[in-house]
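For reference, the chains in residue letters:
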Amino acid sequence: MSGPYARTPAPVPLPLLTIGDIRAALRSGHGFAEDQASFEADLQRALEASSETDLSAVASVIVDYRGRIRLCQAPDFGAAVEEGIELAGRLKRGD
């Protein structure tokens, strides 16, 4: 039953299970502006620093960028960023 206060459905989260999923999301404009290029650079550095038995640096890069993409998908993210910018401006001006 829907009424005058029906909820807007939340966006379906992107599948971010593989490096390919993360690359596709970044190519589609999800994440921050420079994330597509920086993901590849960070991933390359992590791979070069890793051994065959310890890929924790690679896993950290994947978790970080997956989080960035999810953060940008949050419905209130844009409003929170704008509020933060406005607050920083007021503090800088001494309002």
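Look up: the structure comes first, before these words.
Numbers given for residues are sequential positions, taken from 1 along each chain in its written order. Note on the predicted model: pLDDT of at least 70 is required for a residue's local features to be given, and 80 or more for side-chain atom pairs to be given and counted; whole-chain, interface and lining totals, by contrast, use all residues. Side-chain measures were taken over the full set of non-hydrogen atoms in the model, leaving aside hydrogen atoms and water.

### Overview of helix α4 (residues 77-93)
In step 1: Helix and strand labels come from DSSP, where a helix needs a run of H or I of at least four residues and a strand needs a run of E of at least two; each type is numbered from the N terminus. By definition here, a helix of n residues has an expected span of 1.5 Å times n minus one. The end-to-end C-alpha separation of α4 is 24 Å, in line with the 24 Å expected for 17 residues at 1.5 Å each.
In step 2: In the segment just after α4, Gly 94 is the residue with positive phi, at about 85°.

### Let's talk about the packing of aromatic side chains
In step 1: Two rings from Phe, Tyr or Trp (for Trp, the six-membered ring) form a pair when their centres sit within 6.5 Å of each other. Planes less than 30 degrees apart are called stacked, planes more than 60 degrees apart edge-to-face, and all others tilted. Applying the stated criterion across every chain, the model contains one aromatic pair.
In step 2: Aromatic pair Phe 39 and Tyr 65: ring centres 5.1 Å apart, planes at 70°, arrangement edge-to-face. Linking Phe 39 in helix α2 (residues 35-49) with Tyr 65 in helix α3 (residues 56-73), this pair joins segments that are 26 residues apart in sequence.
In step 3: Here Arg 68 stacks its cationic end above the ring of Tyr 65, 4.5 Å away from the centre of that ring. Ring-over charges, as used throughout, are those where CZ of Arg or NZ of Lys falls within 6 Å of the ring centre and within 35 degrees of the ring normal.

### Looking at the packing of helix α1 (residues 19-27) against α3
In step 1: As a packed pair, α1 and α3 sit with axes 11 Å apart at the nearest point and diverge in direction by 40°. Accordingly, the angle class assigned to the pair α1 and α3 is oblique. Classified by chirality, the crossing of α3 by α1 is left-handed. For the pair formed by α1 and α3, the contact residues are Ile 19, Ile 22, Ala 25 and Leu 26 on the first element and Ile 62, Tyr 65 and Ile 69 on the second.
In step 2: Along the lines of polarity and charge, the residues of the contact of α1 with α3 split into seven nonpolar, no polar and no charged. Orientation is described by axes fitted as lines to C-alpha atoms, over the contacting stretch for helices, and by angles from 0 to 180 degrees between their N-to-C directions. For this classification, under 35 degrees means roughly parallel, over 145 means roughly antiparallel, 65 to 115 means roughly perpendicular, and everything else is oblique. In this scheme the handedness of a crossing depends on how the near helix is turned from the far one: anticlockwise by less than a right angle means left-handed, clockwise means right-handed. Residues are treated as being in contact if the distance between any of their heavy atoms lies within 4.5 Å. In this classification, Asp, Glu, Lys and Arg are treated as charged, Ala, Val, Leu, Ile, Met, Phe, Trp, Tyr, Cys and Pro as nonpolar, and every other residue, Gly included, as polar.

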